[in-house]
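Structural overview
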Amino acid sequence: MKTPAAGHRGTPDFLLLILTLLLVGFGLVMVFSASSSMTVVSAKFGYDAMYFTKKQLLWAGLGTFCMLVLMNIPYEKFKKWFAPFLFLTIGMLIVVLFVAKNVNGARSWLGFGGFGIQPTEFAKLAVILYLAAIITKKDEKFREFKRGLLPVMIVIGFIAFLIMLQPDMGSCIILLLCASAIILAGGSNLKHVFLSAGVLFGLVALGTSLYLLANPGFNGGYRWARFTAFLNPMADEKGTGYHLYQSLGAFGHGGLTGAGLGNSVQKLFYLPYAYNDFIFAVIAEELGFIGTTVFLLFYMLFIWRALIVALRCPDVYGTLVGIGIVSLISIQALINMGGVSGAIPVTGVTLPFISYGGSSMLVTLFSMGILLSISREYNRIGKDRERRPDAGA
């Protein structure tokens, strides 16, 4: 069967495209709202109210351009390109351990001039493309443990091991959950999945142990207390529970209708990283329960539409890539919002499309470009059927 010419490809899913652009736009508004009051009075940020917003706009513009380019590339080509992308990502994950500065107890950033990239974000997309290609290639052999699942899980475990060496527990959890969703969708034997989970747990535990040995000054007890603070943030509201305590204060102040866009009190040096990890708390405070509910419904509509695009793909590879992308965005959003609202531990991950963060924005929009490319193939097949003379027969 011949690959259709570029000119005969279908149109992208315009609803998904519009929802994506609206989320990016809303994210820019919230980054400005959450950060401007802090940067306008700080010499560190040049007294510039738009400091973080301009940077985020740059990343959003670059990401949108890449999304439009990628959606015009047939998604089947990524089946051939996954290997160099995966090796490059693994290389960056290794390099970052040696050259990155320690920021907030982790070595996660590669600096380039005034900008930085987070290799972990690119690793998430690399794993999606890798798993989809390998599962499609192995087909029924993937259900075999030794020749199918085990080699794949060793690769995933090695990447998770490198991420835990930074350490970045939140991203590691997201990567493993996303990989699990693709593996289960690919038809893997559940018994083999549980066996492989044991291998992964061992590799992650080894990575954590090596990090602790290499960093004897690391305060593991404090980190664990921060991780479990969601159980009772009031017990140490000025210590381990401070972040969550201030976040819950933002939810309470928002009430039913909110304080109004730009009128958050918690972002005024009370809520740490209000423009990043805790931007959902600012949304809740400024827009209230009603506005937050509308935002969540809008986000759910986006997830639903993206999932529909993935499931309508005409081949297994595209479906697995689509499921991986939808899983990545939805799992990360759930972990972010769950942590900020006190439902689960705070792990310090961004809210896709909304939080400040160049690497997160780039990778998310890269992923959407691939998903929109998948939607074009589905729409092409639908149009081809309509053009057939016997379509109505």
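Residues numbered from 1 in each chain as written. Predicted model: local features only at pLDDT ≥ 70, side-chain atom pairs only at ≥ 80, totals over all residues. Heavy atoms only, no water.

Of regular secondary structure, the protein chain possesses 12 helices and two strands. Listing every helix and strand of the protein chain by position from the N terminus yields α-α-α-β-β-α-α-α-α-α-α-α-α-α. Considering only intrachain contacts with a sequence separation of at least 6, the fraction spanning at least 24 residues in the protein chain is 74%. Working note: accessible area of the protein chain is about 18100 Å², and carbon and sulfur atoms make up 68% of it. (Helix = DSSP H or I, 4+ residues; strand = E, 2+ residues; numbered from the N terminus. Contact = heavy atoms within 4.5 Å. Areas by Shrake-Rupley, 256 points an atom, 1.4 Å probe, with all protein chains shown as cover.)

Here the focus is unusual backbone geometry. The residue after Q166, namely P167, is reached through a cis peptide bond having omega -10 degrees. As for its placement among the helices and strands, P167 is situated in the loop between α5 (145–164) and α6 (169–185). The phi angle at Y47 is positive, at roughly 50 degrees, despite the residue not being glycine.

This brings us to the packing of helix α4 (residues 119–138) against α6. In contact at an axis separation of 10 Å, α4 and α6 are set at 15 degrees when each is read in the N-to-C sense. Taken together, the axis directions place α4 and α6 in an arrangement best described as roughly parallel. As α4 runs across α6, the sense of the crossing is right-handed. Between α4 and α6, the residues in contact are T120, E121, A123, K124, V127, I128, L131 and I135 and S171, I174, L175, C178, A179, I182 and I183, respectively. Counted by class, the contact of α4 with α6 contains 11 nonpolar, two polar and two charged residues. (Axes fitted to C-alpha atoms, helices over the stretch in contact; angles between N-to-C directions. Parallel < 35°, antiparallel > 145°, perpendicular 65-115°, else oblique. Left-handed = near helix turned anticlockwise from the far one by under 90°. Nonpolar A, V, L, I, M, F, W, Y, C, P; charged D, E, K, R; others polar.)

Tallying each qualifying case throughout the model produces four salt bridges. Ionic pairing is found between D48 and K54, a salt bridge with its closest N-O pair at 2.7 Å. When the shortest N-O distance is used, the salt bridge between E286 and K267 registers 3.1 Å. One end of the pair, E286, is in helix α10 (residues 279–311); the other, K267, is in the loop between α9 (242–254) and α10, with 19 residues separating them in the sequence. According to the relative accessible area criterion, E286 is buried, its value standing at 1%. Exposure remark for K267: the relative accessible area of 5% places this residue in the buried category. (Salt bridge = Lys/Arg side-chain N within 4 Å of Asp/Glu carboxyl O. Buried < 20%, exposed > 50% of the residue type's maximum accessible area, 1.4 Å probe, protein only.)

This next bit is on a nonpolar patch on the surface. Nonpolar side chains collect at one region of the surface, where V40, V41, V265, L268, F269 and Y270 lie side by side and expose about 550 Å² of accessible area between them. Note on placement: V41 falls in the loop between α1 (14–39) and α2 (51–70). Given the relative accessible area of 53%, V41 is considered exposed. (Patch = residues over 30% accessible without salt bridge, like charges linked within 9 Å, V, L, I, M, F, W, Y side chains within 5 Å.)

Its place among the elements puts I156 in helix α5. Residue classification places I156 among the buried positions, given a relative accessible area of 0%. Linking I156 and L175, residues 19 residues apart in sequence, is a C-alpha distance of 8.6 Å.

A few words on the packing of helix α3 (residues 78–99) against α4. Running from N to C, α3 and α4 point in directions that differ by 145 degrees, and their axes come no closer than 8 Å. As for how α3 packs across α4, the hand of that crossing is left-handed. On the side of α3, the interface is formed by F78, K79, F82, F85, L86, T89, M92, L93 and V96, while α4 contributes P119, T120, F122, A123, L125, A126, L129, Y130, A133, I134 and T136. Of the residues belonging to the contact of α3 with α4, the class tally is 16 nonpolar, three polar and one charged.

Following the sequence through the fold, T292 ends up in helix α10. Setting aside residues up to four positions removed in sequence, T292 forms contacts with F280, I283, A284 and L287.

This part is about the confidence of the model for the protein chain. Detailed reading of the predicted coordinates is not advisable wherever pLDDT is low. Averaged over every residue, the pLDDT of the protein chain is 85; the share at 70 or more is 84%. Taken element by element, the predicted model of the protein chain shows its lowest mean pLDDT in helix α8 (residues 220–227) (58) and its highest in α10 (96). (pLDDT = per-residue confidence, 0-100.)

Tracing the backbone shows S373 in helix α12 (residues 358–387). At 3.2 Å, the side chain of S373 and the backbone nitrogen of Y75 are in polar contact. If near-sequence neighbours (up to four positions away) are discounted, S373 is found in contact with R9, L70, M71, I73, P74 and Y75. (Polar contact = N/O pair within 3.5 Å; in protein donor to acceptor, adjacent residues only side chain to side chain.)

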